[in-house]
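# Report on the structure
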Amino acid sequence: VQLQAYGGGLVQAGDSLRLSCGASGRTFRGYNVGWFRQAPGKDREFVAVIRWNGGTTIYADSLKGRFTITRDITKNTAYLQMNNLEPEDTAVYYCAAASRAIYSMLAVPSSYDYWGQGTLVTVSS
């Protein structure tokens, strides 16, 4: 499975941006599709995840209310809508897919089998 994350760019504080994650090689059916981010000099951080079957979502507590993860089954694409962006949101954003993961471990990067190449989001103040 190859994942492609795209939609990043340079925005100003307070702006919105939507990231997309597509897969080639197979459908996301049965997977948990997550978003992580990594700022320079920091560890990879969990953002959100969605269960493809059923649409259940989990968010990082600090991002609830500003970020929304959704999916379009017909397009086999997951989205991360980011609103009211802050300079602290500047990072490379990665999408990932986990085929078998314990629900409580979905915030852990090692639970994911496949990763996209990342897309850079830069938020200027």
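Residues numbered from 1 in each chain as written. Predicted model: local features only at pLDDT ≥ 70, side-chain atom pairs only at ≥ 80, totals over all residues. Heavy atoms only, no water.

### Here's the deal with the nonpolar core
Judged by nonpolar contacts, the single largest core of 39 residues is most densely connected at Trp-35, Leu-80, Met-82 and Tyr-93. Secondary-structure elements contributing two or more residues to this core are strand 1 (2-6), strand 3 (17-24), strand 4 (32-38), strand 5 (45-51), strand 7 (67-72), strand 8 (77-82), strand 9 (91-98) and strand 11 (119-124). With six residues, the top contributor of residues to this core is strand 9. (Core = buried A, V, L, I, M, F, W, Y, C linked by side-chain atoms within 4.5 Å. Buried < 20%, exposed > 50% of the residue type's maximum accessible area, 1.4 Å probe, protein only. Helix = DSSP H or I, 4+ residues; strand = E, 2+ residues; numbered from the N terminus.)

### Re the pairing of strand 4
When a strand is regular, its side chains alternate between the sheet's two faces. Summarising burial for strand 4: six of the seven residues are buried, a large majority. Relative to strand 5, strand 4 is paired through six bridges, and the arrangement is antiparallel. In the strand pairing of strand 5, Arg-37 is matched with Glu-45. The turn linking strand 4 back onto strand 5 is made up of six residues, and Gly-41 within it adopts a positive phi angle of 80°. Bridge count between strand 4 and strand 9: seven bridges; the pairing is antiparallel. For Asn-32, the partnering residue across the bridge sits in strand 9 and is Ala-98. (Pairing = 2+ DSSP bridges.)

### With respect to the packing of aromatic side chains
Scanning the model with the defined rule gives seven aromatic pairs in all. Residues Phe-36 and Tyr-112 carry aromatic rings whose centres are separated by 5.1 Å and whose planes lie at 80° to one another, so their mutual orientation is edge-to-face. Here the residue Phe-36 occupies a position in strand 4, and Tyr-112 occupies one in the loop between strand 9 and strand 10 (114-115), the gap between them amounting to 76 residues. Each member of the pair, Phe-36 as well as Tyr-112, carries the same accessibility label: buried. The aromatic ring of Tyr-79 is capped on one face by Arg-18, whose charged end is 4.1 Å from the ring centroid. Above the face of the Trp-115 ring, Arg-44 is positioned so that its terminal group lies 4.8 Å from the ring centre. (Phe/Tyr/Trp six-rings, centres within 6.5 Å; stacked < 30°, edge-to-face > 60°. Lys NZ or Arg CZ within 6 Å of the ring centre and 35° of its normal.)

### A look at the side chain of Thr-119
Residue position: Thr-119 is located in strand 11. Apart from the residues lying within four places of it in its own chain, the contact partners of Thr-119 are Ala-5, Tyr-6, Gly-7, Gly-8, Leu-19, Ala-91, Val-92 and Tyr-93. (Contact = heavy atoms within 4.5 Å.)

Note that every value here comes from positions in space, so none of it alone points to a role or purpose.
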